[in-house]
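Here's the letter readout for the chains.
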Amino acid sequence: MVSAFTIEDLKRIMRDCAGEEESVDLDGDILDLRFEELGYDSLALIETTSRISREFGVQLPEDELGEIGTVRDLLALINQRLSVTS
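Parameters at a glance
- One numbering rule holds for all chains: residues counted from 1, following each sequence as written.
- Whole-chain, interface and lining totals are the exception, using all residues; otherwise, since this is a predicted model, local features are given only for residues with pLDDT of at least 70 and side-chain atom pairs are given and counted only at 80 or more.
- In computing side-chain properties, one takes all heavy atoms of the structure into account and sets aside hydrogens as well as water.
- A helix here means a DSSP run of H or I that spans at least four residues, while a strand means a run of E at least two residues long, and both kinds are numbered starting from the N terminus.
- Summary of the burial criterion: residues with accessible area below 20% of their type's maximum are buried, those above 50% are exposed, and those between are partly exposed, where the area comes from a 1.4 Å probe applied to protein chains only.
- We call two residues in contact when some of their heavy atoms are within 4.5 Å.
- We get accessible surface area from the Shrake-Rupley algorithm with a probe of 1.4 Å; when it comes to residues, only the shown protein chains can shield them.
- Put simply, buried Ala, Val, Leu, Ile, Met, Phe, Trp, Tyr and Cys residues joined by side-chain atoms within 4.5 Å make one nonpolar core.
- Whether a set of points on the 1 Å grid over the protein atoms alone is a cavity depends on a 1.4 Å probe fitting there but being unable to get out, while an open set qualifies as a pocket with protein on both sides within 12 Å along at least five of seven lines; lining residues are those with an atom within 4 Å of a point.
- Grid points are joined across faces, edges and corners, and a volume is the space filled by probe spheres set on the points.

Engineer: Hey, could you run me through the overall build of the protein chain in this one?
Structural biologist: When helices and strands are tallied, the protein chain shows four helices and zero strands. Listed by position from the N terminus, the elements making up the protein chain come as α-α-α-α. Within the protein chain, the proportion of its 86 residues that are buried is 37%. Intrachain contacts of the protein chain at a sequence separation of at least 6 include 61% that bridge at least 24 residues. Of the roughly 5,100 Å² that the protein chain leaves accessible, carbon and sulfur atoms contribute 47%.

Engineer: Explain the nonpolar core to me, please; I cannot follow it from the model alone.
Structural biologist: Soluble globular proteins tend to pack their nonpolar side chains together in the buried interior. One finds Phe5, Leu10, Phe35, Leu38, Ile52, Leu74 and Ile78 to be the most contacted residues of the largest nonpolar core, which totals 25 residues. Elements that contribute at least two residues to this core include exactly α1 (7–18), α2 (42–56) and α4 (71–85). Sort the elements by how many residues they give to this core and α4 lands first, with six residues. Among residues more than four places away in sequence, those in contact with Leu74 are Leu10, Phe35, Leu45, Thr49, Leu65 and Ile68.

Engineer: Help me understand the side chain of Thr70, please; the structure alone is not making it clear to me.
Structural biologist: Along the chain, Thr70 falls in the loop between α3 (62–65) and α4. For Thr70, a relative accessible area of 14% corresponds to the buried category. Ignoring sequence-local partners within four residues, the contact set of Thr70 consists of Leu31, Asp32, Leu33, Arg34 and Phe35.

Engineer: What is the right way to look at the layout of surface pockets in this model?
Structural biologist: Once rolled over the atoms, a probe with the size of a water molecule shows which space is left empty. Of the voids in this model, the largest pocket is the one considered here, and its volume is about 190 Å³. Lining the largest pocket are Arg34, Phe35, Glu36, Ser42, Leu45, Ile46, Thr49, Glu62, Leu65, Gly66, Ile68 and Gly69. Elements with a minimum of two residues in the lining of the largest pocket: α2 and α3. It is α2 that contributes the most residues to the lining of the largest pocket, four residues altogether.

Below is the structure:
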């Protein structure tokens, strides 16, 4: 079982699910950016979180996902949920 979900895990899944816009550098400092600023709309975020749920076995309630603003927020939610399930 995974003990922590990292920014590298998230970047890999984001690229797999929705690609990467030319104007966006996911390898830069993106922790405090909103997903919209990265070119990821709500559908891309849903696909990304669905993949995270399947791959890492973590449940991400839709009502909590609606509160996600930044990449840092999503990482914190995923790691909180991972700590609950481990």
